[in-house]
Structures are given as C-alpha cells and as structure tokens.
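Below, each chain spelled out in residue letters.
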Amino acid sequence: QVQLVESGGGLVQAGGSLRLSCTASGSIFSLSAMAWYRQAPGKERELVASINRSGSMNYAASVKGRFTISRDNAKNTLYLQMNSLKPEDTAVYYCNANPPSPAYAWGQGTQVTVSS
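Residues numbered from 1 in each chain as written. Predicted model: local features only at pLDDT ≥ 70, side-chain atom pairs only at ≥ 80, totals over all residues. Heavy atoms only, no water.

Novice: Tell me what's going on with the side chain of Ser-32, and back it up with residues and numbers.
Specialist: Looking at where Ser-32 falls in the secondary structure, it is placed in the loop between β3 (18-24) and β4 (34-39). Those residues in contact with Ser-32, other than ones at most four positions away along the chain, are Arg-53, Arg-71 and Tyr-104. (Helix = DSSP H or I, 4+ residues; strand = E, 2+ residues; numbered from the N terminus. Contact = heavy atoms within 4.5 Å.)

See below:
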C-alpha cells in the first residue's frame with residue numbers, strides 16, 4: 001500500500017495563503033489521478049480538487065478561482081496552492097487517488113485553520 005504524507009497546513013488569517021504538499025511513497029503515483037479532500041468538524045469528507053495523469057484539473061465550486069492543484073511526478077508529490085482563504089476552508093486536508101483507492105493508505109492529513 002502506498003503511504004501518503006500531507007504537510008503545509010497551519011493557522012492563517014482570512015485572505016491569506018498556504019501551500020499544501022502530499023508525498024507518496026510509491027511509483028504508481030505518476031499513473032494515478034490524484035485529488036485533495038478535506039473534512040471539517042462534524043462534516044463528511046469532500047473532494048476539493050483533482051488532477052488526472054495528463055494534468056487536467058477540476059475544482060469544487062467553493063474553491064474554484066482560489067485554489068490550484070498541481071503535481072510533480074518526478075518527486076511523487078501533489079500540491080495545493082490555496083489563496084484568498086476563508087474561515088469556511090478550515091478543515092483537515094488529505095490527499096488520495098481520485099476516486100480514493102485501497103492502493104493508497106489515507107495519511108494523517110494536515111490541519112488548515114483560517115481565522116476571521
């Protein structure tokens with residue numbers, strides 16, 4: 001099973017920016033469509049942004065125009081640039097395949113907290 005390690009979260013004021021990273025331990029990363037997900041307290045996990053093998057990207061309506069997903073297959077790393085952050089973006093952010101795959105183990109996630 002491929003291990004995923006998310007990093008880059010933190011506490012930021014509304015309007016600020018963060019860049020999240022997700023590093024995968026296995027080479028199948030380059031063959032996989034990948035995505036960022038988030039889970040806020042009391043809510044279900046939701047898809048935030050996805051990127052396929054050729055680099056085509058899709059975004060949830062709530063983050064479109066503010067977040068940018070990218071990948072570096074040579075580094076087995078997925079990124080999420082988050083700008084113009086809002087308090088409603090507060091959540092634990094995870095990465096996994098799109099759709100989530102048993103080939104990838106969910107990581108611990110990285111906490112993003114946006115203060116108003």
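Novice: Summarise the nonpolar core; cite the residues concerned and give the values.
Specialist: Counting residues in hydrophobic clusters, the biggest one holds 28 residues, and the most contacted among them are Trp-36, Leu-78, Leu-80, Met-82 and Tyr-93. Beyond its immediate sequence surroundings of up to four residues, Leu-78 is in contact with Leu-20, Ser-21, Cys-22, Phe-29, Met-34, Ala-35, Trp-36, Ile-51, Ile-69, Ser-70, Arg-71 and Cys-95. (Core = buried A, V, L, I, M, F, W, Y, C linked by side-chain atoms within 4.5 Å. Buried < 20%, exposed > 50% of the residue type's maximum accessible area, 1.4 Å probe, protein only.)

Novice: Go over the sheet that holds strand β7 (residues 67-72) with me, naming the residues and quoting the values.
Specialist: Adjacent strands of a sheet form backbone hydrogen bonds with each other and so pair up, either parallel or antiparallel. Pairing in this open sheet of 5 strands is mixed, and the strands run β7-β8-β3-β1-β10 from one edge to the other. Of all strands in the sheet, those with a lone pairing partner are β7 and β10 (104-105), marking the two edges. (Pairing = 2+ DSSP bridges.)

Novice: Describe the state of the cysteines, and please don't skip the residues or the numbers.
Specialist: One pass over the structure, following the stated rule, counts 1 disulfide. There is a disulfide in this structure between Cys-22 and Cys-95, and the S-S distance comes to 1.8 Å. Taking the sign of the S-S torsion, about 50° here, the bridge from Cys-22 to Cys-95 comes out right-handed. Residue Cys-22 is located in strand β3, and its partner Cys-95 is located in strand β9 (residues 91-97); the two are separated by 73 residues in the primary sequence. Residue Cys-22 shares its accessibility class with Cys-95, and that shared class is buried. (Disulfide = S-S within 2.5 Å.)

Novice: Can you tell me about the packing of aromatic side chains, naming the residues and giving the values?
Specialist: Under the counting rule described, the total for this entry stands at 2 aromatic pairs. Considering the side-chain rings of Tyr-37 and Trp-106, the 5.5 Å spacing of their centres and the 70° angle between planes classify their relative orientation as edge-to-face. Separated by 69 residues along the polypeptide, Tyr-37 in strand β4 and Trp-106 in the loop between β10 and β11 (110-115) bring together distant segments of the chain. By relative accessible area, which is 6% here, Tyr-37 ends up buried. Residue classification places Trp-106 among the partly exposed positions, given a relative accessible area of 35%. Centre to centre, the rings of Tyr-94 and Trp-106 are 5.9 Å apart; their planes meet at 90°, and the pair counts as edge-to-face. With Tyr-94 in strand β9 and Trp-106 in the loop between β10 and β11, this pair connects stretches of sequence that are 12 residues apart. Its relative accessible area of 12% is what places Tyr-94 among the buried residues. Site record: aromatic cluster; members linked through ring pairs are Tyr-37, Tyr-94 and Trp-106. Residue placement shows Arg-19 over the ring face of Tyr-79; its charged tip is 4.0 Å from the ring centre. Sitting over the face of the ring of Trp-106, Arg-45 holds its NZ or CZ atom 3.9 Å from the ring centroid. (Phe/Tyr/Trp six-rings, centres within 6.5 Å; stacked < 30°, edge-to-face > 60°. Lys NZ or Arg CZ within 6 Å of the ring centre and 35° of its normal.)

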